[in-house]
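Chain by chain, the residues run as shown.
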Amino acid sequence: MSAQKWCAESFETNSSHPEHLIHTTLAGHKVRSKSEVIIANLLYTNHIPYRYEAALPLKEFTAYPDFTIMHPVTNKIFYWEHFGMMDNAPYCDTACNKLKTYCYNGIFPSMQLITTYETSKCPISTDQVQQIITQYFL
């Protein structure tokens, strides 16, 4: 399937907490955080096809990765999870459990799963995101 067709298809999205979708990307999508805006905008400006919070059925439940990305050349699917509050202990625990769930389902960090992290003292930068996009997709 072509990337254009894939992008145009409808898909199930995360319906929990729609009130948190408060930031708008260049493509007109609503996302939950400023960091997700950075990721979405750089994917968009680099012409990398993506879906935001698309359903991913796993063995135990359906996950909603922040971004599901189709490689523009190989059409391989990647997932990108941004963990933005790693200095918050309960959030960190949930993030670590989510990573384990991905691994248990054969989706591994730095293979098909891109992960980024930040804390209140160490925010993610546009340059970091661009480097990751360049490494994986350009």
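Everything below is about the structure printed above this text.
Residues numbered from 1 in each chain as written. Predicted model: local features only at pLDDT ≥ 70, side-chain atom pairs only at ≥ 80, totals over all residues. Heavy atoms only, no water.

## What to know about the sheet that holds strand β7 (residues 77-83)
Next, step 1: Ordered by their spatial adjacency, four strands build an open sheet running β3-β6-β7-β8, and the pairing between neighbours is mixed. Each end of this open sheet is capped by a strand with a single partner; those strands are β3 (50-52) and β8 (113-117). Averaged over all pairs of adjacent strands, the angle between their axes in this sheet comes to 20°, without regard to strand direction.
Next, step 2: Running at roughly 15° to strand β6 (residues 67-70), helix α2 (residues 34-45) makes contact with β3, β6, β7 and β8 of the sheet. (Pairing = 2+ DSSP bridges. Helix = DSSP H or I, 4+ residues; strand = E, 2+ residues; numbered from the N terminus. Axes fitted to C-alpha atoms, helices over the stretch in contact; angles between N-to-C directions. Contact = heavy atoms within 4.5 Å.)

## Examining the pairing of β6
Next, step 1: Covered by surrounding structure in β6 are Phe67 and Ile69 together with Thr68 and Met70, the residues of both alternating faces.
Next, step 2: With three bridges joining them, β3 and β6 adopt antiparallel strand pairing. The partner of arginine 51 across the bridge, within β6, is threonine 68.
Next, step 3: Taking the residues between adjacent antiparallel strands as the criterion, β6 and β7 are bridged by six residues, where asparagine 75 takes a positive phi near 65°. (Buried < 20%, exposed > 50% of the residue type's maximum accessible area, 1.4 Å probe, protein only.)

## So, the nonpolar core
Next, step 1: Leu43, Phe67, Ile69, Trp80, Val129, Ile133 and Phe137 are the most contacted members of the largest nonpolar core, which has 20 residues in total.
Next, step 2: Only α2, β3, β6, β7 and α4 (126-137) provide two or more residues apiece to this core.
Next, step 3: Here phenylalanine 67 is in contact with Glu36, Ile39, Ala40, Leu43, Tyr50, Arg51, Tyr52, Phe78, Tyr79 and Trp80, once residues within four sequence places are set aside.
Next, step 4: Residues Ala95, Leu99, Tyr102 and Leu113 belong to the second largest nonpolar core, which totals 11 residues. (Core = buried A, V, L, I, M, F, W, Y, C linked by side-chain atoms within 4.5 Å.)

## Brief notes about the pattern of salt bridges
A side chain with one charge may pair with a side chain of the opposite charge, provided their charged atoms come close.
Next, step 1: Taken as a whole and judged by the stated rule, the model has three salt bridges.
Next, step 2: For glutamate 9, the salt bridge identified is with arginine 51, shortest N-O distance 3.0 Å. On the criterion of sequence distance, the pair formed by glutamate 9 in the loop between α1 (3-8) and β1 (23-24) and arginine 51 in strand β3 is long-range, its members being 42 residues apart.
Next, step 3: Under the relative-accessibility criterion, glutamate 9 is labelled partly exposed at 35%.
Next, step 4: Overall, the relative accessible area of 10% leaves arginine 51 in the buried class.
Next, step 5: The shortest N-O distance in the salt bridge between lysine 98 and glutamate 81 comes to 3.2 Å. Here glutamate 81 lies in strand β7 and lysine 98 lies in helix α3 (residues 89-104), a separation of 17 residues in the sequence. (Salt bridge = Lys/Arg side-chain N within 4 Å of Asp/Glu carboxyl O.)

Read these as spatial facts, not as claims about activity.
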